[in-house]
Amino acid sequence: MTRAAIPMGWIRTALIPAAAGACVALYPPRHTLCESKGGGWGFFGKRSIASHAPEASSIAKMPAIKMYQYEICPFCNKVKAVLDYHKIPYSTVEVNPLTKKEFKVTKELPEGHPAHGYRRVPIAAFGEEIVGDSPVILAKLVDEMATAGVINKQTHAEWKDPKVADWVKWCDSKLAVLLFPNLTRTYGDSYQAFGYVMDAPNFTMVDKMSNLMAGSLAMWLAQGKIKKKYAIEDEREALKECIGDWVKGLGEKSFMGGDQPNLADLAVFGTMRAVEGSPTQAFVMMETELAPWYERMMLQVGDRSNARTARLAE
């Protein structure tokens, strides 16, 4: 299958030989023009023109939020999509995938703390409160938003509806699981996906190069184990079927939430945003009918400017 995508806005490009003699992009594009089955061309990367921005007074009541993340982590992007949609400011700290030294934030927590010794991403700091595990973080975030008045009581109740909760769980247990073997299906794809480490402000050049080389190789080698663990025979077909379930659930609605996105929309959109600019995104946009919904969500949520301009060098 030929990738029908036109990369735009390359900042810097370097080509390296892949294992089979092909070439892969060292720094993947973050804004991609894709032709899709859903109809037409979509520019994924435009700033929001219709996103929901709460009153500044409500935003001011939110605690300072810091996310410890891998940029390509679907669980991290799931949480950030909720923040971006509501224009809640936050900062991010990129975790070194090899050393994981940034996890000292949980190592130093007292024994008995729910997040003591937690060594996965995302980890979130709500002010001084440290929370680990994306479902727990998401639940905490939604409650904080309700308390601050960022979302009203009706929205808070709707987001906790069992049907919405089931889709959010589906997002974690089905969709996110399938993204890893798709993102790393070849060494070239894995290398491209790991290119994000070159922009991590808290990484030394040694950190960047060691993660790019060793990390991408480790991800590629782990792909088979993940497929075996979850009984995935063909990762592309499994992802296509999974996306089909979401599209079927949408039916004729603009969003799962109806006229406006709900928590399920934001969770699925954020999860898919983890593969933005990759061959996996191009496959989904060309081979499924997700693109129209994704474009509507892109206009609602906007880009990830918060994550890119408020990173911390620690």
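In this report, we go over the structure that sits alongside the text. Computed from a predicted structure; not experimentally measured. (Residues numbered from 1 in each chain as written. Predicted model: local features only at pLDDT ≥ 70, side-chain atom pairs only at ≥ 80, totals over all residues. Heavy atoms only, no water.)

## Notes on the environment of isoleucine 72
- Inspection of the secondary structure assignment puts isoleucine 72 in the loop between strand E6 (65-69) and helix H2 (74-85).
- You can call isoleucine 72 buried: its relative accessible area is 13%.
- As a C-alpha pair, isoleucine 72 and glutamate 276 span 204 residues in sequence and 8.7 Å in three-dimensional space.
- In this structure isoleucine 72 touches Asn77, Leu183, Ala193, Phe194, Tyr196, Met219 and Ala274, once residues within four positions along its chain are discounted. (Helix = DSSP H or I, 4+ residues; strand = E, 2+ residues; numbered from the N terminus. Buried < 20%, exposed > 50% of the residue type's maximum accessible area, 1.4 Å probe, protein only. Contact = heavy atoms within 4.5 Å.)

## Topic: the packing of helix H6 (residues 162-183) against helix H9 (residues 235-250)
- Where H6 contacts H9, the two axes come as close as 9 Å, and the packing angle between them is 155°. The orientation of H6 relative to H9 falls into the category roughly antiparallel. The way H6 lies across H9 gives a crossing that is left-handed. Within the contact between the two elements, H6 uses Trp167, Trp170, Lys174, Leu175, Leu178, Leu179, Pro181 and Asn182 and H9 uses Glu235, Arg236, Ala238, Leu239, Cys242, Ile243, Asp245, Trp246 and Gly249.
- A class-by-class count of the residues in the contact of H6 with H9 yields 11 nonpolar, 2 polar and 4 charged. (Axes fitted to C-alpha atoms, helices over the stretch in contact; angles between N-to-C directions. Parallel < 35°, antiparallel > 145°, perpendicular 65-115°, else oblique. Left-handed = near helix turned anticlockwise from the far one by under 90°. Nonpolar A, V, L, I, M, F, W, Y, C, P; charged D, E, K, R; others polar.)

## Quick notes on the layout of surface pockets
- The calculated volume of the largest pocket comes to roughly 1100 Å³.
- Forming the walls of the largest pocket are 34 residues, and the residues nearest its centre are Tyr70, Cys73, Phe75, Val121 and Phe180.
- Within the residue set of the lining of the largest pocket, elements represented by two or more residues are H2, helix H4 (134-148), H6 and helix H8 (205-229).
- No other element matches the 7 residues that H8 contributes to the lining of the largest pocket.
- Class assignment for the residues of the lining of the largest pocket results in 26 nonpolar, 2 polar and 6 charged. (1 Å grid on protein atoms, 1.4 Å probe; cavity = no way out; pocket = protein on both sides within 12 Å on 5 of 7 lines; lining within 4 Å. Points joined across faces, edges and corners; volume = space filled by probe spheres on them.)

## Overview of a nonpolar patch on the surface
- Side chains of Met205, Met209 and Met213 sit close together on the surface and give an oily, nonpolar patch of about 290 Å² of accessible area.
- Residue placement: methionine 213 occurs in helix H8. (Patch = residues over 30% accessible without salt bridge, like charges linked within 9 Å, V, L, I, M, F, W, Y side chains within 5 Å. Areas by Shrake-Rupley, 256 points an atom, 1.4 Å probe, with all protein chains shown as cover. Salt bridge = Lys/Arg side-chain N within 4 Å of Asp/Glu carboxyl O.)

## Here we look at the pattern of salt bridges
- Applying the stated rule across the entire model yields 8 salt bridges.
- Between arginine 185 and glutamate 235 there is a salt bridge, and its shortest N-O distance comes to 3.3 Å. Of this pair, arginine 185 sits in the loop between H6 and helix H7 (187-193) while glutamate 235 is found in helix H9, placing the two residues 50 residues apart along the sequence.
- When salt bridges with common partners are traced through the structure, they connect Asp84, Arg273 and Glu276 into a single cluster.

## Looking at the sheet that holds strand E8 (residues 123-126)
- Overall, mixed pairing links the 4 strands, which are arranged E7-E6-E8-E9 in an open sheet. Two strands bound the open sheet, and with one partner strand each, they are strand E7 (91-94) and strand E9 (129-132). On average, each strand axis in the sheet is inclined to that of its neighbour by 20°, with strand direction left out of account.
- As paired strands, E8 and E9 are joined by 4 bridges and run antiparallel to one another. What sits directly across from phenylalanine 126, in E9, is glutamate 129.
- Each of E6, E8 and E9 touches H4; the most contacted strand, E9, lies at about 135° to it. (Pairing = 2+ DSSP bridges.)

## A look at the nonpolar core
- Leu141, Met145, Leu175, Trp246, Met272 and Trp293 are the most contacted members of the largest nonpolar core, which totals 84 residues.
- Counting residues per element, this core draws most heavily on H6, which supplies 8 residues.
- Those residues in contact with methionine 145 that sit more than four places away from it in its chain are Met62, Val82, His86, Ile88, Val150, Ile151 and Trp159. (Core = buried A, V, L, I, M, F, W, Y, C linked by side-chain atoms within 4.5 Å.)

## A word on the pairing of E8
- Neither face of E8 is open: one carries Ile123 and Ala125, the other Ala124 and Phe126, and all of them are buried.
- When E6 meets E8, the two strands line up antiparallel, connected through 4 bridges. Within E8, the residue paired with methionine 67 across the bridge is alanine 124.
- Hairpin remark: E8 followed by E9, antiparallel, with 2 residues in the connecting loop; positive phi at glycine 127, about 65°.

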